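What follows is each chain in one-letter form.
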Amino acid sequence: MALHSARGKLVSVIGDEDTCVGFLLGGIGEINKNRHPNFMVVDKNTSVSEIEECFKRFVKRDDIDIILINQNLAEMIRHCIDSHTSPIPAVLEIPSKDHPYDASKDSILRRARGMFNPDDIH
């Protein structure tokens, strides 16, 4: 059974094999009525256009509230991620085993920093 929020929405994952397997073992795996999974395993043979298409599919699905994506993959489709301004589904960039998290590249964090003036935070 998948982990659902209070409204029965899903978490989706776009990531390398280790990331996807970890989240699938945690119980997020689902296949919708159209037989589309809520995850995509990206390997060295996956094209940028395939990642982009998957991201756009996840954004359009009404059963997904959160999209987790490895930050190195998010960099490949940065234009798509930056153009997504709706709060739902939330797009969260996560590290992978081979690529550590870099806060300076995270578009959500950049947007959040823009909302606050550093002088106001004490």
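Only a predicted model underlies this, so the values are computations on that prediction, with no experimental measurement involved.

(A) Quick peek at the overall build of the protein. Within the protein, the regular secondary structure consists of 5 helices and 4 strands. Secondary structure elements in the protein, listed N-terminal to C-terminal, are β-α-β-α-β-α-α-β-α. Across the protein, contacts joining residues at least 24 apart in sequence account for 66% of those joining residues at least 6 apart. In the structure as shown, the protein presents an accessible area of about 7,700 Å², 57% of it carried by carbon and sulfur atoms.

(B) Just the pattern of salt bridges, in detail. Evaluation of the coordinates by the stated rule reveals 5 salt bridges. One salt bridge in this structure joins Asp18 and Lys97, with 2.9 Å as the shortest N-O distance. In this pair, Asp18 sits in helix H1 (residues 17-25) while Lys97 sits in the loop between strand E4 (90-94) and helix H5 (107-115), placing the two residues 79 residues apart along the sequence. Residue class for Lys97 comes out exposed when judged on its relative accessible area of 64%. When the shortest N-O distance is used, the salt bridge between Asp63 and Arg61 registers 2.9 Å. In this structure, Asp63 and Arg61 share a single accessibility class: buried. Taken together, the salt bridges that share partners define one network made up of Glu75, Arg78 and Glu93.

(C) Looking closely at the sheet that holds strand E1 (residues 10-15). One open sheet accounts for 4 strands, arranged E2-E1-E3-E4; its pairing is parallel. Across the chains shown, the open sheet's two edge strands, defined by having one partner strand only, are strand E2 (39-41) and E4. Each neighbouring strand pair of the sheet contributes to a mean axis angle of 20°, computed without reference to strand direction. As paired strands, E1 and strand E3 (residues 64-70) are joined by 5 bridges and run parallel to one another. Bridge pairing links Val11 to Ile66 in E3. With respect to the sheet, H1 is in contact with E1, E2, E3 and E4, its orientation differing from that of E1 by roughly 160°.

(D) Molecular detail of the pairing of E1. For E1, the buried fraction is high: 6 of the 6 residues fall into the buried class. Alternating positions in E1 separate into two faces, Leu10, Ser12 and Ile14 on one and Val11, Val13 and Gly15 on the other, with burial throughout. Relative to E2, E1 runs parallel, the two being bridged by 3 bridges. If you follow Gly15 over to E2, its bridge partner there is Val41.

(E) Spotlight on unusual backbone geometry. Following Ile88, the chain continues to Pro89 via a peptide bond in cis, the omega torsion being 0°. Mapped onto the secondary structure, Pro89 falls in the loop between helix H4 (78-83) and E4.

So, how was this worked out
- Starting afresh in each chain, residues are numbered from 1 along the sequence in its written order.
- Only residues with pLDDT of 70 or above have their local features reported here, since the model is predicted, and side-chain atom pairs are shown and tallied only from 80 upward, although totals for entire chains, interfaces and linings are computed over all residues.
- Think of the side-chain values as coming from all heavy atoms in the structure, minus any hydrogens and water.
- Think of it this way: any DSSP run of H or I at least four residues long counts as a helix, any run of E at least two long counts as a strand, and we number them from the N terminus.
- In this description, contact between two residues means that some pair of their heavy atoms is separated by no more than 4.5 Å.
- Only the protein chains shown count as cover for residues, and all accessible areas are computed by the Shrake-Rupley method using a 1.4 Å probe.
- Salt bridges are identified by distance alone: a Lys or Arg side-chain nitrogen within 4 Å of an Asp or Glu carboxyl oxygen.
- Burial here depends on accessible area, computed with a 1.4 Å probe over protein chains only, as a share of the maximum for the residue type. Under 20% is buried, over 50% is exposed, and the range in between is partly exposed.
- If DSSP finds at least two bridges between two strands, the strands pair.
- Between the N-to-C directions of two axes lies an angle of 0 to 180 degrees, each axis being a line fitted to C-alpha atoms and, for a helix, fitted only over the stretch in contact.

Bear in mind that shape data such as this cannot, by itself, settle questions of function.
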